[in-house]
Amino acid sequence: MKKGTACITKKGVERWKNGHPWIYAADVESVGDDVQAGDVVRVEDTRGWFLGQALYSKASKISLRWLAWDDAAIDADFFRARLQAADALRRREYPEERAYRVVHGEADLLPGLVVDRFGDALSVQFLHAGTERRKALFVELLAQHFKPKAIVNRSDANVRHLEGLEPEKGLLFGELPQVTSYREGHVLLDVDLLHGQKTGAFLDQRDNHVRASDFGTGEALDCFSYTGGFALQLALKAKKVTAVEISEAACGQIKKNAERNQLPNVETVCANAFDFLRDALDEGRRFDTIVLDPPSFAKNKDAIAAATRGYKEINLRAMQLLNPGGTLITASCTHHIDEARFEEMLDSAAADSKRRVQIIEKRGAGRDHPVLLGLRETRYLKCFVLRVL
Ligand code: SAH
């Protein structure tokens, strides 16, 4: 086998030519014996025809991740151009914003790299042996481009295990400011870049948070609130908002964020949202707006049925808890449940709740989370706005 080369099967070639950015191990015929995890390899068919270049992974079921159709040098200039192109999209779509996802992995043609910007600080995930090995290069490129005060490594994600990498986190560059804050519409949120969940915050919901402020009225409920992204927007106009969250650290942050925004009408409840919804029904409580934004319920395909039952339970209860004409903003970030399946679940919840439900809007992640056609994994967030009659 030629050095630095991966040879792929006929099936693999078909996928490659159709533009799928992943080639699975089963579709790799052979790999040069000098090739290491994280190397850039030349991709060829079994006759030795050159197809392009990819990042190679030894441990993962996904062996090859597309980088280029041609034989361009994959060097600092190559990655600089991809980073600049990614940031240019955000600058065009969100010219005023200082917090957004800069790089969304494959969808920005940068497999295994996630970069979130929070003002003067960047939070980065290296999720592939290829980006892990080029960490110093990415830090240098990001430092040059953004001139940030700090770059934080949040590669403490479980998916790293699939690449044979240990989770890792820490400061990579500069000094972490005492407080990092960012704005979403009229709300200012503090984010703990080192200890917060994922990269510190869920920027994918930013536009949906802001949209939720349109439905702040009367009594509102935000379940799975994290640091109050939805709750605070609702509180701008609602009489009272109850934010339900199971993590104590996150609850503390909701309180701080509410204080900082002078929103005394936010009540934080540290509880399991499943229990809270059941008890609220038993107590005969009613709400005018409810948000449901749970964590992913299915890590793999086998868990889809159980996850769907979980979604149905909370959505059914939320529908029953709403006053006539009330709004349900309901989200799912589970990759394995697509929009059609999510809608089917809502349909079934509406039927069981004996309420008629209108779809007002189907939303997804913001425009800083582009979706790569052909790679459904990059389109994971569903967010429906419903009116419950
Ligand atoms: N709505 C948030 C993001 C939610 S992420 C935002 O827009 O920023 C999911 C949150 O649900 C996490 O903060 C997690 O701690 C919390 N969580 C997980 N299981 C829960 C449960 N059973 N009850 C309440 N909160 C839960």
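Asker: So what's going on with the site of the ligand? Residues and values would help.
Answerer: Not every one of the 16 residues close to the ligand is listed here, only the nearest: H209, F224, E245, A273 and D293. Interatomic distance of 3.1 Å between a side-chain N/O atom of Q197 and an oxygen atom of the ligand. Between the ligand and H209, the relevant distance is 2.5 Å, taken from an oxygen atom to a side-chain nitrogen or oxygen of the residue. Protein contacts shield 89% of the accessible area of the ligand, which totals 580 Å² for the unbound molecule. Looking at the shell around the ligand residue by residue, the class counts come to 8 nonpolar, 6 polar and 2 charged.

Asker: Break down helix 10 (residues 339-353) for me, with residues and values.
Answerer: Between the first and last C-alpha of helix 10 there are 21 Å, a value that for 15 residues agrees with the 21 Å anticipated at 1.5 Å per step. Buried within helix 10 we find F342, M345, L346, A349, A350 and S353. Considered in projection along helix 10, the buried side chains sweep an arc of 140° and stay on one side of the axis. Of the exposed residues in helix 10, the ones pointing more than 90 degrees away from its buried face are E344 and D347. Structurally, helix 10 contributes buried residues whose contacts are with helix 9 (304-321), strand 18 (322-332), strand 19 (357-363) and strand 20 (382-388). Looking one or two places after helix 10, you find K354, whose phi comes out positive at around 60°.

Asker: Give a description of the sheet that holds strand 6 (residues 62-68) that names residues and reports values.
Answerer: The 6 strands lie next to each other as 2-6-5-4-1-3, forming an open sheet whose pairing is mixed. The two strands at the open ends of the sheet, each matched to only one other strand, are strand 2 (22-24) and strand 3 (28-31). The sheet shows a mean angle of 35° between the axes of neighbouring strands, taken without regard to direction. The pairing of strand 4 (residues 40-44) with strand 5 (residues 50-56) spans 5 bridges and is classified as antiparallel. When the bridges of strand 5 are listed, V43 appears paired with G52. Taken strand by strand, helix 1 (residues 10-17) contacts strand 1 (5-8), strand 2, strand 4, strand 5 and strand 6, and its axis lies near 90° from that of strand 5.

Asker: Account for the sheet that holds strand 8 (residues 113-118), with residues named and values stated.
Answerer: Spatially, 5 strands are ordered 7-8-9-10-11 in an open sheet, and the strand pairing comes out mixed. The open sheet has two free edges, formed respectively by strand 7 (99-104) and strand 11 (168-174), since each of these has just one partner strand. The sheet shows a mean angle of 20° between the axes of neighbouring strands, taken without regard to direction. Pairing of strand 10 (residues 150-155) with strand 11 involves 6 bridges; the strand directions are antiparallel. Residue pairing for strand 11: V152 is matched across the bridge by L171. In the packing of helix 2 (residues 76-93) onto the sheet, the strands contacted are strand 7 and strand 8, and the crossing angle to strand 7 comes to about 145°. Contacting strand 7, strand 8, strand 9 (121-126), strand 10 and strand 11, helix 4 (residues 135-146) crosses the sheet at an angle of about 155° to strand 9.

Asker: Before we move on, could you go through the side chain of S123 and cite the residues and values that matter?
Answerer: Its place among the elements puts S123 in strand 9. Within the structure, S123 has its side chain in polar contact with the backbone oxygen of T199 (distance 2.8 Å). Once residues within four sequence positions are removed from consideration, S123 is found in contact with V114, V115, D116, F118, V152, R154, L193 and T199.

Asker: Outline the environment of D116, supporting the account with residue identities and numerical values.
Answerer: By the element assignment, D116 lies in strand 8. Considered as a pair, D116 and I337 are 221 residues apart in the sequence and their alpha carbons are 25 Å apart. Other than its neighbours up to four places away in sequence, D116 contacts Y100, R101, V102, A121, L122, S123, T199, A201 and L203. Only 2.5 Å separates the side chain of D116 from the side chain of T199, close enough to count as a polar contact.

Asker: Explain the packing of helix 9 against helix 10 to me, using residue names and the numbers behind them.
Answerer: Two elements in contact, helix 9 and helix 10, have axes separated by 8 Å at closest approach and are oriented at 45°. Considering the angle they form, helix 9 stands oblique to helix 10. You can see that helix 9 and helix 10 cross each other, and the crossing is right-handed. Seen from helix 9, the contacting residues are I304, T308, Y311, K312, N315, L316, M319 and Q320; seen from helix 10, they are R341, F342, M345, L346, S348, A349, A350, D352 and S353. Here the contact of helix 9 with helix 10 is built from residues that sort into 9 nonpolar, 5 polar and 3 charged.

Asker: Go over the nonpolar core, please, and point to the residues and values.
Answerer: Ranked by size, the top nonpolar core spans 32 residues in total, and within it F118, Y182, V241, V266 and I329 carry the most contacts. When residues of this core are traced back to their parent elements, those giving at least two are strand 10, strand 13 (187-191), helix 6 (229-235), strand 15 (240-245), helix 7 (248-260), strand 18 and strand 20. Counting residues per element, this core draws most heavily on helix 6, at 5 residues. Those residues in contact with Y182 that lie beyond four places of it in its chain are A99, F118, V187, L188, L189, V191, A201 and L203. Of all hydrophobic cores here, the second largest spans 31 residues; its members include C223, F276, I314 and M319.

Asker: Which residues make up the environment of F146, and what values go with them?
Answerer: You can see F146 is positioned in helix 4. Looking at F146, the relative accessible area reads 16%, which means it is buried. Through-space distance from the C-alpha of F146 to that of E313 is 44 Å; in sequence the pair is 167 residues apart. When residues no more than four places from it in sequence are discounted, the contact partners of F146 are D87, Y100, V102, R117 and L122.

Cut-offs used in this document
Residues numbered from 1 in each chain as written. Predicted model: local features only at pLDDT ≥ 70, side-chain atom pairs only at ≥ 80, totals over all residues. Heavy atoms only, no water. Near = heavy atom within 4 Å. Polar contact = N/O pair within 3.5 Å; in protein donor to acceptor, adjacent residues only side chain to side chain. Areas by Shrake-Rupley, 256 points an atom, 1.4 Å probe, with all protein chains shown as cover. Nonpolar A, V, L, I, M, F, W, Y, C, P; charged D, E, K, R; others polar. Helix = DSSP H or I, 4+ residues; strand = E, 2+ residues; numbered from the N terminus. Expected span 1.5 Å × (residues − 1). Buried < 20%, exposed > 50% of the residue type's maximum accessible area, 1.4 Å probe, protein only. Arc of directions from axis to C-beta. Contact = heavy atoms within 4.5 Å. Pairing = 2+ DSSP bridges. Axes fitted to C-alpha atoms, helices over the stretch in contact; angles between N-to-C directions. Parallel < 35°, antiparallel > 145°, perpendicular 65-115°, else oblique. Left-handed = near helix turned anticlockwise from the far one by under 90°. Core = buried A, V, L, I, M, F, W, Y, C linked by side-chain atoms within 4.5 Å.

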